[in-house]
Amino acid sequence: MKLGVSTYSYWHFKSERVPIEHVIEEAAKLELDGIEILHQQMASEDTPYLQKLKRYAFIHGLDLYALSVHQGFVSPEENTRQKNINHTIHCLRIAHELGIPSIRLNSGRWGTVGSFDELMKVEGQEPPLPNHTEDEAFDWVISSIEKCLPDAEKYGVIMGLENHWGLTCTPEGVNRIVNAIDSDWLKVTMDCGNFLTDPYEKLEQIASDAVLVHAKTYYGGGEWYTLDLDYARIGEILRKVAFKGYISIEFEGKADAHTGVPQSVDMLRSAISL
């Protein structure tokens, strides 16, 4: 297993975007193996910028191993779903340009629970829109992802469906989508901090399809919530399924990232023997 950090760890969608070049420099100082780029944190999508990032990571001895993107396929509106399909295909191309072999994929959610605090109280689960069903939503998501598969294969970029809010807030939801599609180009991004109760039992249910692992840490207290995760136990779950990919730090604490990320690195190297 290799250890890297998401550029998100230094930003959290707040104030000015932290330059990805700065995260590359910090990751190199910490002797990490690579970085995961948050798409919304990129300063540009122009080719010169993409090639600059690729070059900068290379000369700092780092892999660019994942691009974290946002999309939502849970919508009764075909035009909305198509817009998100187009965005996903666009991001597959960006990943290819950067030499990145995987993107983080979201299913999307109903949006029937307004505030994030309320969403966390119900562990990411929402009631469907009026006159619609969960089965419809799964069909929309599965059909939308299937339309992205040819481009994933064309660009050589694996889509890693994350256990996130909405349809994928349970292991059953994740597995329902992945098993229905049954493709080498759709696997799982296993987020250790997105199952708020009984996390280890639930992580075990999706670990065998994981191609990327998000390791959330909360030094200084979580921005939105805090979990006390046993990463030695998670490491054993990953070893049982012979996981050999990247563990990607998503630092979500209130402490300064320049303190919280190094603490996260030390903890994970010790707990998982990286």
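Residues numbered from 1 in each chain as written. Predicted model: local features only at pLDDT ≥ 70, side-chain atom pairs only at ≥ 80, totals over all residues. Heavy atoms only, no water.

Peer 1: I keep staring at the pairing of strand β3 (residues 63-68) and nothing clicks. Help me out?
Peer 2: Note on strand geometry: in a regular strand, side chains alternate between the two faces of the sheet. With five of its six residues buried, β3 lies for the most part within the structure. The pairing of strand β2 (residues 34-38) with β3 spans five bridges and is parallel. Bridged to E36 within β3 is A66. Note that β3 and strand β4 (residues 102-105) share two bridges and pair parallel. For L67, the partnering residue across the bridge sits in β4 and is I103. Read from β3 through helix α3 (residues 78-98) to β4, the crossover connection turns out right-handed. (Buried < 20%, exposed > 50% of the residue type's maximum accessible area, 1.4 Å probe, protein only. Helix = DSSP H or I, 4+ residues; strand = E, 2+ residues; numbered from the N terminus. Pairing = 2+ DSSP bridges. Right-handed = clockwise from strand over helix to strand, strands pointing away.)

Peer 1: I would appreciate a short explanation of the packing of aromatic side chains in the present structure.
Peer 2: Within a pair of aromatic rings, the relevant descriptors are the distance that separates the centres and the angle that separates the planes. Counted under the stated rule, the structure contains eight aromatic pairs. Ring centres of F116 and W224 lie 6.3 Å apart, and the angle between their planes is 70 degrees; this geometry places the pair in the edge-to-face category. Residue F116 is found in helix α4 (residues 116-121), and its partner W224 is found in the loop between β7 (210-217) and α8 (231-240); the two are separated by 108 residues along the sequence. Exposure remark for F116: the relative accessible area of 30% places this residue in the partly exposed category. Both rings, one in Y218 and one in Y225, keep their centres 6.0 Å apart while their planes meet at 45 degrees; by these two values the pair is tilted. For the pair Y218 and Y225, one class covers both residues: buried. Clustering of aromatic rings is evident, with ring pairs tying together F116, W165, Y218, W224 and Y225. A cation sits over an aromatic face here: R176 above F138, 4.1 Å from the ring centre. (Phe/Tyr/Trp six-rings, centres within 6.5 Å; stacked < 30°, edge-to-face > 60°. Lys NZ or Arg CZ within 6 Å of the ring centre and 35° of its normal.)

Interpretation note: all reported values are geometric properties and have no functional meaning in isolation.
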